[in-house]
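Residue-level listing of the chains:
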Amino acid sequence: MKIVVVGGTGLIGSQVVTLLRARGHEAVPAAPSTGVDTLTREGLPEALKGADVVVDVSNSPSFETDAALDFFTRAGRNIAEAEREAGVRHHVVLSIVGVDQVPDYGYYRAKVAQEEAVRGGGTPYSIVRATQFFEFVGPVMDMSTEGSEVRLPSTRLRPIASAEVAAAVAEAAAGEPSYGVRDIAGPEVHRLDRLGEITLAARPDGRSVVTDESAGLFAAMPDGVLVGDGSVQVMPTRYEEWLKQH
């Protein structure tokens, strides 16, 4: 099949492209760097010509509410329109576990709008929701660093390796539309401050973790949202194992 991967040059998308090509599919990365802009439609109809499946793993360049909402709704409309024109028969989108449980969190509200656009776009679809990636822990720590202190809340989360997210997305793309949601997560529930301690124990750099319930992106997140419920499919890779390999 010809499978167009929107956001196909990013962390998840590049891995999805590699996995799909290994399965024998024609996987085409679509991103501004490849001449495809989903916000302006530039290059989009041409990229989708002859496509069987579209995978959307693109991300807003901003976590700010209005900017993220504009990105996901405008890009979603443009992709849906181009899919109808091209006769695409399956749309796969990557979203976030618990995304519909926190209407006051702007970025999550924007992702819900993206999901709604997919459901109403007219193309058969599958939604894969994942918890936070292991690769996200380091940048979150950096954003929360003050001097030699990494200030993190004790918010619980169940992070997952991006490689396992990419594998789930590629599997969905190669399969039939589910018209539903598949939740995936890592094998262990951690407190965010504890994840910081595990990271610095493996990669000491002179910083130390200070528990601060008001610090960072996830400080106001209700407990349990980033963990998922009993329906999540648990992937095997543990964070400590992943740290040793990266």
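Let me begin by describing the structure that accompanies this report. (Residues numbered from 1 in each chain as written. Predicted model: local features only at pLDDT ≥ 70, side-chain atom pairs only at ≥ 80, totals over all residues. Heavy atoms only, no water.)

Counting its secondary structure elements, the protein chain contains 8 helices and 12 strands. For the protein chain, whose C-alpha radius of gyration is 18 Å, the value lies close to the compact-globule estimate of 18 Å for 246 residues. By its C-alpha atoms, the protein chain is 55 × 35 × 35 Å across when sized along the principal axes. For the protein chain, buried positions account for 48% of its 246 residues. Here the analysis covers contacts within the protein chain between residues at least 6 apart in sequence; of these, 81% occur between residues at least 24 apart. Carbon and sulfur atoms make up 51% of the accessible area of the protein chain, which amounts to about 10700 Å² in all. Within the protein chain, one finds 23 positive and 34 negative side-chain charges whose respective centroids are separated by 4 Å. (Helix = DSSP H or I, 4+ residues; strand = E, 2+ residues; numbered from the N terminus. Rg over C-alpha atoms; globule rule 2.2 N^0.38 Å. Buried < 20%, exposed > 50% of the residue type's maximum accessible area, 1.4 Å probe, protein only. Contact = heavy atoms within 4.5 Å. Areas by Shrake-Rupley, 256 points an atom, 1.4 Å probe, with all protein chains shown as cover. Lys, Arg positive; Asp, Glu negative; His and termini not counted. Charge placed at Lys NZ, Arg CZ, Asp CG, Glu CD.)

The final tally for this structure, using the stated rule, is 2 cavities of 30 Å³ or more. Considered as a void within the structure, the largest cavity measures approximately 100 Å³ in volume. Lining the largest cavity are D56, G76, I79, A80, E83, H91, V93, Q114, A117, V118, G121 and T123. Counting only elements with at least two residues in the lining of the largest cavity, the list comes to α3 (65–86), β4 (90–96) and α4 (106–119). No other element matches the 4 residues that α3 contributes to the lining of the largest cavity. Looking at the lining of the largest cavity, its residues break down into 5 nonpolar, 5 polar and 2 charged. A volume near 40 Å³ is recorded for the second largest cavity. Every residue along the wall of the second largest cavity is listed here: Q132, F133, F136, V137, V140, L157, L192 and F218. Considering only residue class, the lining of the second largest cavity consists of 7 nonpolar, 1 polar and no charged. (1 Å grid on protein atoms, 1.4 Å probe; cavity = no way out; pocket = protein on both sides within 12 Å on 5 of 7 lines; lining within 4 Å. Points joined across faces, edges and corners; volume = space filled by probe spheres on them. Nonpolar A, V, L, I, M, F, W, Y, C, P; charged D, E, K, R; others polar.)

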